[in-house]
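Residue strings, one per chain:
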Amino acid sequence: MIISTKPLSRKIWQNLSLVNILGKEAKALSTLAQAKPKPIDQNDNFEKQTNEELTPSANYRFLFPEFLPDPNPLYRNPIKEKLERMDMLARRSVVNIPEFYVGSILGVTYSEPHAPGKVNRFVGICILREGTGLNSAFLLRNVINGEGVEVRYNLYDPTIQKIDCLKLEKRLDNELLYLRDAPLEYSTFPVDMQADIKTPGFVLLNDIKVPLNPPPWLEKWERKGLKGVKNLVLSERRIRKAAAAAKPWEKYDLMKIYRQTIPEEEQIEIFSEVHTDLRQLEIQKNILIRKNMTAKPKRTV
């Protein structure tokens with residue numbers, strides 16, 4: 001029995017070409033697809049080209065860290081995370097949540113049933129930012145009548161009416177809890193502080209180093225590896241214990257870093273889902289900021 005090979009080979013080549021076309025379309029439609037880098041011209045600036053090639057969501061993990069889920073797999077649930085992101089976007093469309101970091105000075109206006117006007121406002125420096133999703137929160141600290149006062153707010157609390165970033169800046173450390181053991185002058189801010197309006201996208205790095213009061217302290221700050229603390233007065237015994245408890249090899253532990261972070265591919269997938277809504281909110285916020293910068297102050301009689 002003789003079988004002709006021409007029709008079979010024709011069908012095989014048609015199937016192969018169809019597979020190639022589908023493969024190209026799948027890559028083009030994939031959220032993880034990356035554009036091919038442009039050839040670098042020697043006359044152009046390399047930094048300018050790299051900045052233009054960056055996606056708009058490249059810095060979203062710093063601007064919106066609460067959109068990233070908990071890295072612990074025991075607390076992961078894809079359906080819950082997606083529903084939470086939808087709720088967070090709906091909340092951001094009602095209340096403007098500005099960009100802020102640990103070290104920024106914020107003013108929060110919230111509903112208080114026991115206040116005279118049912119509304120209260122607290123101004124303080126952000127010393128901690130924690131949590132993910134709808135459980136994300138931040139901690140503000142200020143000195144009122146000579147006493148340190150701290151108020152913890154849930155970022156998406158429905159009782160919050162307004163959040164004002166009075167001074168946008170970063171500090172050298174990710175937590176400023178050591179201000180509890182620092183002189184009160186480093187945590188004192190006027191209640192009627194006015195906003196320091198700056199151009200969008202400009203963040204100041206405050207490299208101030210705070211001295212701490214003599215021990216006892218609330219925590220063993222010498223073991224935290226803090227960059228924003230200076231002139232720690234310690235006994236020889238505490239110095240020896242701190243040296244014995246130090247773990248300098250942890251910064252090279254790749255598995256520990258992997259367990260404490262979200263992979264980059266998953267970050268791109270999450271932010272590509274909410275990119276359009278976040279971009280529209282950013283445009284509206286920048287328009288309001290420019291209007292406030294160009295508005296002329298009213299004359300007072």
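Everything in this summary refers to the structure shown in the same document. (Residues numbered from 1 in each chain as written. Predicted model: local features only at pLDDT ≥ 70, side-chain atom pairs only at ≥ 80, totals over all residues. Heavy atoms only, no water.)

### Regarding the overall build of the protein chain
For step 1, the next point in the chain: Per the secondary structure count, the protein chain includes seven helices and nine strands.
For step 2, the next point in the chain: Taking all contacts inside the protein chain whose residues are at least 6 apart in sequence as the whole, residues at least 24 apart take part in 65%. (Helix = DSSP H or I, 4+ residues; strand = E, 2+ residues; numbered from the N terminus. Contact = heavy atoms within 4.5 Å.)

### What to know about the nonpolar core
For step 1, the next point in the chain: Counting 28 residues, the largest nonpolar core has Phe 67, Phe 138, Leu 140 and Tyr 153 as its most contacted members.
For step 2, the next point in the chain: Counting residues per element, this core draws most heavily on helix α7 (residues 264-294), which supplies four residues.
For step 3, the next point in the chain: Among residues more than four places away in sequence, those in contact with Leu 140 are Leu 106, Val 108, Phe 122, Gly 124, Ile 125, Cys 126, Val 149, Glu 150, Val 151 and Tyr 153.
For step 4, the next point in the chain: Val 102, Ile 125, Ile 127 and Val 210 belong to the second-largest nonpolar core, a separate cluster that totals 20 residues. (Core = buried A, V, L, I, M, F, W, Y, C linked by side-chain atoms within 4.5 Å. Buried < 20%, exposed > 50% of the residue type's maximum accessible area, 1.4 Å probe, protein only.)

### Observations regarding a positive patch on the surface
For step 1, the next point in the chain: On the surface, a cluster of positive charge is contributed by Lys 220, Arg 223, Arg 237, Arg 240 and Lys 241.
For step 2, the next point in the chain: Structurally, Lys 241 can be placed in helix α5 (residues 236-245).
For step 3, the next point in the chain: Look at Lys 241 and you get partly exposed, because its relative accessible area is 41%. (Patch = residues over 30% accessible without salt bridge, like charges linked within 9 Å, V, L, I, M, F, W, Y side chains within 5 Å. Areas by Shrake-Rupley, 256 points an atom, 1.4 Å probe, with all protein chains shown as cover. Salt bridge = Lys/Arg side-chain N within 4 Å of Asp/Glu carboxyl O. Lys, Arg positive; Asp, Glu negative; His and termini not counted. Charge placed at Lys NZ, Arg CZ, Asp CG, Glu CD.)

### Points about the packing of aromatic side chains
For step 1, the next point in the chain: Applying the stated criterion across every chain yields a total of seven aromatic pairs.
For step 2, the next point in the chain: Through a chain of ring-to-ring contacts, the aromatic side chains of Tyr 60, Phe 64, Phe 67 and Phe 271 assemble into a single cluster.
For step 3, the next point in the chain: One residue, Lys 170, lies across the ring of Phe 62, its end atom 6.0 Å from the ring centre. (Phe/Tyr/Trp six-rings, centres within 6.5 Å; stacked < 30°, edge-to-face > 60°. Lys NZ or Arg CZ within 6 Å of the ring centre and 35° of its normal.)

### Here we look at the pattern of salt bridges
For step 1, the next point in the chain: Enumeration according to the criterion identifies 15 salt bridges in this entry.
For step 2, the next point in the chain: Note that Arg 129 and Glu 66 form a salt bridge whose closest N and O atoms lie 3.1 Å from each other. One end of the pair, Arg 129, is in strand β2 (residues 119-130); the other, Glu 66, is in the loop between α3 (60-63) and α4 (78-94), with 63 residues separating them in the sequence.
For step 3, the next point in the chain: What makes Glu 66 buried here is its relative accessible area of 2%.
For step 4, the next point in the chain: Residue Glu 84 pairs with Lys 80 through a salt bridge whose shortest N-O separation is 3.0 Å. Here Glu 84 and its partner Lys 80 are both found in helix α4, four residues apart, which amounts to about one turn of the helix.
For step 5, the next point in the chain: Its relative accessible area of 40% is what places Lys 80 among the partly exposed residues.

### Quick word on α4
For step 1, the next point in the chain: The end-to-end C-alpha distance of α4, which contains 17 residues, comes to 25 Å, matching closely the 24 Å that a straight helix rising 1.5 Å per residue would cover.
For step 2, the next point in the chain: Buried within α4 are the following residues: Glu 81, Glu 84, Arg 85, Met 88, Leu 89, Arg 91 and Arg 92. One side of α4 carries all its buried residues, which in axial view fall inside an arc of 160°. Opposite the packed face of α4, turned more than 90 degrees from it, sit the exposed residues Ile 79, Ser 93 and Val 94. (Expected span 1.5 Å × (residues − 1). Arc of directions from axis to C-beta.)

### Regarding the pairing of strand β4 (residues 147-154)
For step 1, the next point in the chain: Both strand β3 (residues 137-144) and β4 contribute to a ladder of eight bridges, which runs antiparallel. Bridge assignment links Ala 137 to a residue of β4, and that residue is Asn 154.
For step 2, the next point in the chain: In this antiparallel pair of consecutive strands, β3 and β4, the connection spans two residues, and Asn 145 shows a positive phi of 55°. (Pairing = 2+ DSSP bridges.)

### Looking at the sheet that holds β3
For step 1, the next point in the chain: Here we have five strands laid out as an open sheet, ordered β4-β3-β2-β1-β5, and antiparallel in their pairing. Two strands lie at the open edges of the sheet, namely β4 and β5 (160-167), each paired on one side alone. Each neighbouring strand pair of the sheet contributes to a mean axis angle of 35°, computed without reference to strand direction.
For step 2, the next point in the chain: Inspection of the sheet shows β2 paired to β3 by five bridges, in the antiparallel sense. Its bridge partner being in β3, Arg 129 is matched across the sheet by Phe 138. (Axes fitted to C-alpha atoms, helices over the stretch in contact; angles between N-to-C directions.)

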